[in-house]
Amino acid sequence: MKHLICFLGLFLVSGVGSFDLVIDEIPDKVENLIDLEIDGFPSSSKTRNGRYQRSTSDWGYVGDLVEDDDKIGLYSYKVQSTITSRLANTMIQAKMVNNAKKSQHIVFDVQVPKGAFIDNFTMDVNGITFTSKIREKSEARKMYSQAKAKGKAAGIVRSNALDMENFKTEVNVPPGTRIQFELHYHEMIRRKLSSYEHVISVKPGRLAKHMEVDVRIIEPQGLRYVHAPNSLGDHFDGITTISKGEKKAHVSFKPTMDQQRKCPKCSSTAVDGNFVVQYDVNRETTGGELEIFNGYFIHFFAPENLDPLPKNILFVIDVSGSMWGLKMKQTIEAMKAILSELRAADQFSLIDFNHNVRCWRDNLVSATPAQVEDAKKYIQTIHPNGGTNINEALLRATFILNEAQNLGMLDPNSVSMIVLVSDGDPTVGELKLTTIQKNVKQSIKDEFSLFCLGIGFDVDYDFLQRIATDNRGMAQRIFGNQETSAQMKNFYNQVSTPLLKKIQFNYPQESVSDVTQSSFHNYFGGSEIVVAGKVDTENLQHLESIVTATAANAELVMETLRDVEELDGFMKKDKYADPDFTKKLWAYLTVNQMLAERNTAPTAALKRNITKSILQMSLDHHIVTPFTAMLIENAEKDEIMLADQPKDPRRGCCPGTLGLTPNAPNNNKGIPPWANVTAVPVSFMPEQRSPPVSSLSINRVDNDPHFIIHLPKSQRNICFNINSEPGKILNLVSDPGTGVVVNGQLIGAKKTENKKLNTYFGKIGFYFKTKGLKVEVTTETITLKDGSYSITLTWSDTGHIIRKQLLVSVKKENNVTITVGEEMSFMVVLHRVWKNHPVHVDFLGIYIPPENQFSPAAHGLIGQFVSEPEVYIHHQTPGQAPEKPQATMEVKGNKLTVTRGLQKDYRTDRVLGTDVQCWFVHNSGKGFIDGHYKDYLVPDLYSFLKVP
């Protein structure tokens, strides 16, 4: 009897693993199916006198195939990947034929990104199809052992990779056999250094008649750019094509067989590496993007244009004997570059350790040029030797940070972190890893983070992951080779720019459930936080989120509101988009979160409960995890193979792949009731975000520009216009008593109308001198400034900035309210016009309640009326229009002719406005305002008015 022996391995961890797989005898049906055409493959062999004969004419493509000495031909190698809102579904397919005259092994060996979930594998051997299913690991092994007891065979797979894991199938097939392998996996593309990078391993191992890598990107947020670097080498320059639309892109790589050759006459392939696609999306809102579809929501959060938080950083560097040579040289090179990138506001120090622990400085020092240069010189003198005392080194680092905090040396808004670089296990001092983990956890403050870099494969990377995750950080393994320096710098760049801390995501509890991690310790520039959950779309029209965080100079409260059906039309029209992308992303985040939680579970009972949850999720979503195995079987279920995930002796069984820090403590009350707010005084929540809306009791400047002054005592509204020039800055309020300034800068219409160029406020500035705060409102952005720090929201946002008891509240595309305690408030209203309007431009209106507690020294076009003048209006007579009577107004010793008319209040209706009756003073308010309007021109947006 002829034998078909298959070796299937699934390698999902770095290290060495073994996989058993079963098929011993060739079923009779294989012999009978040799002449059939399968999935586009013409028949290649016939039985003659009981022997397999390779046909030279029946295979239409045999002359085009290039075979190595083993006579195995690769008919096609195809990779198809579709990214739907960061979820990448990838299929790798190979069609091969054994054109030899003897049975031999055909190997399908592909690399899968670490953290990806394999969800399907099929194999077709001359018409016999093997399909896969996921089973609990012990159950799968039991089924497999029963098959193995019947005399089946086994195989072993080995692999070592940095960012990839191996899936390998090896099949011993008779001559003429055609075989197709197809592997499916999915992953979430993480944002790093301001870019999403999709990496696909393309290593066919031989020339393919048909080769194709096809990547499609569908991003509802819109694509900012798409780039495919020449990662496979200059040999393939110009072959990749990119077609990019507003929200979709197509990247294609289709080298011909000649283009695949290493040289014109070579029979070996130059295709051997990673195919990389990089892209980023558009971001209009600081509060993030909510995508809701099929009962799940995904919240992508990656704010930009924020000032970095100062950081306090301790570098803890292993200088034991095992670091000798290239690893130490590369580490020194990387550290010198990293030290050069420290900011002036940062504090730092260095600790190097072997069997002893040494400190460059016993305390944190400012990152001045002199200190940085001295640290570089210190690093240059390090000579590796001795053992490894990780426990004492980390405890010394935590002591320095704790001491600095106790002495008040740390900026309350700063971020503190320890970066550990090591290449091995502890050999001196405390050796028990669980004890070291417990010691560090007890010593480190809740506000500190630990990041770990493991060099090479001698280090217990699982331990580094556990201790980092346990302390709000993350770990990364890097090679100990020529690329060590670049990998270290790349890792540091990911954590070098903290922009926010204490980030809390809040959703209405009655509408959402099963929300993934929603509290985060830090947000680093160039990254992205992703939160997912289930949402009741049947009983909900809109989903609202509130994100609170601490920025460099303010407390932020950012709101996002999305229609639950907003994506339906877009998704259903695109044939490539994955309709289950929200469900898969939720499952991906949930399983990885549980794996990370299991690693740090304090009790065995809790660990067992988490394991059960992971197992159930794995079975429900048909994915291979450390607790499941993939059974691969034919339709009759009499031929079974097992793809198992073995335990790496250098790692635990369950390495969590969370790229973000664990839950931060949250003890704050929120707004609305379901929203937990981070470190924000309750008195400054939304109930105060808007002043009372009353058309009769507010001072305002709107339109071109129309001033309306409300006089509370006489209950009259007095109006006047200011006709000035674009670019001029008018002082509205100048109050040296309270230190408040409000100025507005004029912009002009696109062209004159009736021989007059209308002007409007295009920029309004607020200066609160006693707080040292400035707020600039334009038709594009709202910026809060505190010294050298600034933070910006756009009109696309709904959110809040809180700094020094000052609240800036933005209502999307509508208005911004500035509230100072209970003393005063201001509202700026945005007016949008059609972008292509031949005359009009976007402009701003400002509304100031007369109840604002200005001092008697207040002045300005509006501020002067804090001290209400006596106004006497008499001798009313009909005007040229019946609705516009005229009268005489006596004010400030002047007699003025005024006209009764209507102006608009746009606070509640920005399109039509609300009519407000007022008496209009002509000639730019002359006689009603003190002096001439030109007396109110100031040189700067934050200048006080100089009163004679």
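Residues numbered from 1 in each chain as written. Predicted model: local features only at pLDDT ≥ 70, side-chain atom pairs only at ≥ 80, totals over all residues. Heavy atoms only, no water.

So, on to the overall build of the protein. Along the protein, the regular secondary structure elements total 13 helices and 54 strands. Every one of the 948 residues in the protein was classed for burial, and the buried ones make up 59%. The long-range share in the protein, meaning contacts at least 24 apart out of those at least 6 apart in sequence, stands at 68%. When the accessible surface of the protein is totalled, it reaches about 38500 Å², and 47% of it is carbon and sulfur. (Helix = DSSP H or I, 4+ residues; strand = E, 2+ residues; numbered from the N terminus. Buried < 20%, exposed > 50% of the residue type's maximum accessible area, 1.4 Å probe, protein only. Contact = heavy atoms within 4.5 Å. Areas by Shrake-Rupley, 256 points an atom, 1.4 Å probe, with all protein chains shown as cover.)

Structurally, the position occupied by Q221 is in the loop between strand 15 (208-218) and strand 16 (223-227). Separated by 2.9 Å, the side chain of Q221 and the backbone oxygen of N282 make a polar contact. In this structure, Q221 is in contact with R86, V281, N282, R283, E289, E291 and F300, ignoring residues within four places of it in sequence. (Polar contact = N/O pair within 3.5 Å; in protein donor to acceptor, adjacent residues only side chain to side chain.)

Along its 15 residues, helix 4 (residues 326-340) runs 22 Å from first to last C-alpha, staying within 8% of the 21 Å computed at 1.5 Å per residue. Turning to helix 4, its buried residues are K327, M328, Q330, T331, I332, A334, M335, I338 and L339. On its buried face, helix 4 is in contact with strand 22 (311-318), strand 23 (347-353), helix 5 (369-380), strand 27 (448-455) and helix 9 (484-495). (Expected span 1.5 Å × (residues − 1).)

Helix length check: helix 5 (twelve residues) gives 17 Å between terminal C-alpha atoms against 16 Å at 1.5 Å per residue, within 8%. Of the residues making up helix 5, those classed as buried are V372, A375, K376 and I379. In a view along the axis of helix 5, the buried residues occupy a sector of 105°, so they form one face of it. Residues of helix 5 that are exposed and point more than 90 degrees away from the buried face comprise A370 and K377. Packing partners of the buried residues in helix 5 comprise strand 22, helix 4 and strand 23. (Arc of directions from axis to C-beta.)

For the rest of this paragraph, the subject is the sheet that holds strand 30 (residues 512-513). As summarised here, the arrangement of the four strands in space is 20-21-32-30, forming an open sheet in which the pairing is antiparallel. At either margin of the open sheet sits one strand with a lone partner, and together these are strand 20 (289-293) and strand 30. The pairing of strand 30 with strand 32 (residues 529-535) spans two bridges and is antiparallel. Paired with V512 across the strands is V535, a residue of strand 32. Strands strand 20, strand 21 (296-301) and strand 32 of the sheet are contacted by helix 11 (residues 581-599), whose axis makes an angle of about 70° with strand 21. (Pairing = 2+ DSSP bridges. Axes fitted to C-alpha atoms, helices over the stretch in contact; angles between N-to-C directions.)

With that settled, consider the packing of aromatic side chains. To describe a pair of aromatic rings, you give the distance between the ring centres and the angle between the ring planes. Scanning the model with the defined rule gives 25 aromatic pairs in all. Here F766 and F826 contribute two aromatic rings whose centre-to-centre distance is 5.3 Å and whose plane-to-plane angle is 55°, an arrangement assigned as tilted. Taken as a pair, F766 in strand 42 (residues 759-768) and F826 in strand 49 (residues 824-831) lie far apart in primary sequence, 60 residues in all. Judged by relative accessible area, F766 falls into the buried class, the value being 0%. Through a chain of ring-to-ring contacts, the aromatic side chains of F108, F121, F167 and F181 assemble into a single cluster. Here the guanidinium or amino end of R86 rests over the ring plane of F300, the centre of that ring lying 3.7 Å away. Sitting over the ring of Y576, R216 keeps its end group 3.9 Å from the ring centre. (Phe/Tyr/Trp six-rings, centres within 6.5 Å; stacked < 30°, edge-to-face > 60°. Lys NZ or Arg CZ within 6 Å of the ring centre and 35° of its normal.)

This brings us to the nonpolar core. Counting 90 residues, the largest nonpolar core has I503, F766, V775, F826, M889 and F928 as the members making the most contacts within it. The element contributing the most residues to this core is strand 42, with five residues. Residues contacting F826, with those up to four places away along its chain left out, are V740, V742, F766, F768, V816, T817, I818, Y847, I848, N852 and F854. Formed by 56 residues, the second largest nonpolar core is a distinct cluster that contains M123, V125, I128 and A270. (Core = buried A, V, L, I, M, F, W, Y, C linked by side-chain atoms within 4.5 Å.)

With that settled, the discussion passes to the sheet that holds strand 13 (residues 191-192). Strand order in the open sheet made by the four strands is 13-14-19-16, with antiparallel pairing throughout. At either margin of the open sheet sits one strand with a lone partner, and together these are strand 13 and strand 16. Pairing of strand 14 (residues 195-202) with strand 19 (residues 273-281) involves seven bridges; the strand directions are antiparallel. Each bridged residue has a counterpart across the sheet, and for V202 the counterpart in strand 19 is G273.

This part takes up the packing of helix 4 against helix 5. Pairs of packed helices are described in terms of their axes, by the angle between the two and the distance that separates them. For the pair helix 4 and helix 5, interaxial distance at closest approach is 10 Å and the crossing angle is 175°. By the criterion of interaxial angle, the relationship of helix 4 to helix 5 is roughly antiparallel. Counted together, I332, M335, K336, L339 and S340 of helix 4 and V372, A375, K376, I379 and Q380 of helix 5 form the full contact between these two elements. Along the lines of polarity and charge, the residues of the contact of helix 4 with helix 5 split into six nonpolar, two polar and two charged. (Parallel < 35°, antiparallel > 145°, perpendicular 65-115°, else oblique. Nonpolar A, V, L, I, M, F, W, Y, C, P; charged D, E, K, R; others polar.)

Within the element layout of this structure, E341 appears in the loop between helix 4 and strand 23. By relative accessible area, which is 40% here, E341 ends up partly exposed. Residues E341 and N493, spaced 152 residues apart in sequence, show a C-alpha to C-alpha distance of 9.2 Å. Each residue touching E341, except ones within four places of it in the same chain, is listed here: Y492 and N493.

Two numbers describe how helix 6 (residues 390-406) lies on helix 7 (residues 433-443): the axes approach to 10 Å, and their chain directions differ by 5°. Here helix 6 is positioned roughly parallel relative to helix 7, judged by the angle of their axes. On the side of helix 6, the interface is formed by N391, L394, L395, T398 and N402, while helix 7 contributes I436, N439, V440 and S443. Broken down by class, the residue content of the contact of helix 6 with helix 7 amounts to four nonpolar, five polar and no charged.

Following the criterion strictly, the structure yields 30 salt bridges and no others. A salt bridge links R396 to E392, with the shortest nitrogen-to-oxygen separation between them at 3.7 Å. With R396 and E392 both in helix 6 and four residues apart, the pair spans about one turn of that helix. Given the relative accessible area of 29%, R396 is considered partly exposed. A salt bridge links K804 to D786, with the shortest nitrogen-to-oxygen separation between them at 3.3 Å. (Salt bridge = Lys/Arg side-chain N within 4 Å of Asp/Glu carboxyl O.)

This brings us to the state of the cysteines. All chains considered together, the criterion is met by two disulfides. C719 shares a disulfide with C918; S-S distance 1.7 Å. Measuring the twist about the S-S bond at about -135°, one finds the C719-C918 disulfide to be left-handed. Of this pair, C719 sits in strand 39 (residues 716-721) while C918 sits in strand 54 (residues 914-921), placing them 199 residues apart in sequence. (Disulfide = S-S within 2.5 Å.)

To continue, consider the environment of Q405. Turning to its location among the elements, Q405 is positioned in helix 6. The class of Q405 is partly exposed, set by a relative accessible area of 30%. Sequence separation between Q405 and K445 is 40 residues, and the spatial gap between their C-alpha atoms is 9.5 Å. Setting aside residues up to four positions removed in sequence, Q405 forms contacts with L410, E447 and F448.

Per-residue confidence for the protein gives a mean pLDDT of 82; residues scoring 70 or more make up 84%. Here strand 2 (residues 15-19) stands out as the least confident element of the protein, with mean pLDDT 30; strand 18 (residues 248-253) is the most confident, with 98. Of the regions scoring below 50 in pLDDT, residues 148-161 engages in 38 contacts with residues more than four places distant in sequence or in other chains. (pLDDT = per-residue confidence, 0-100.)

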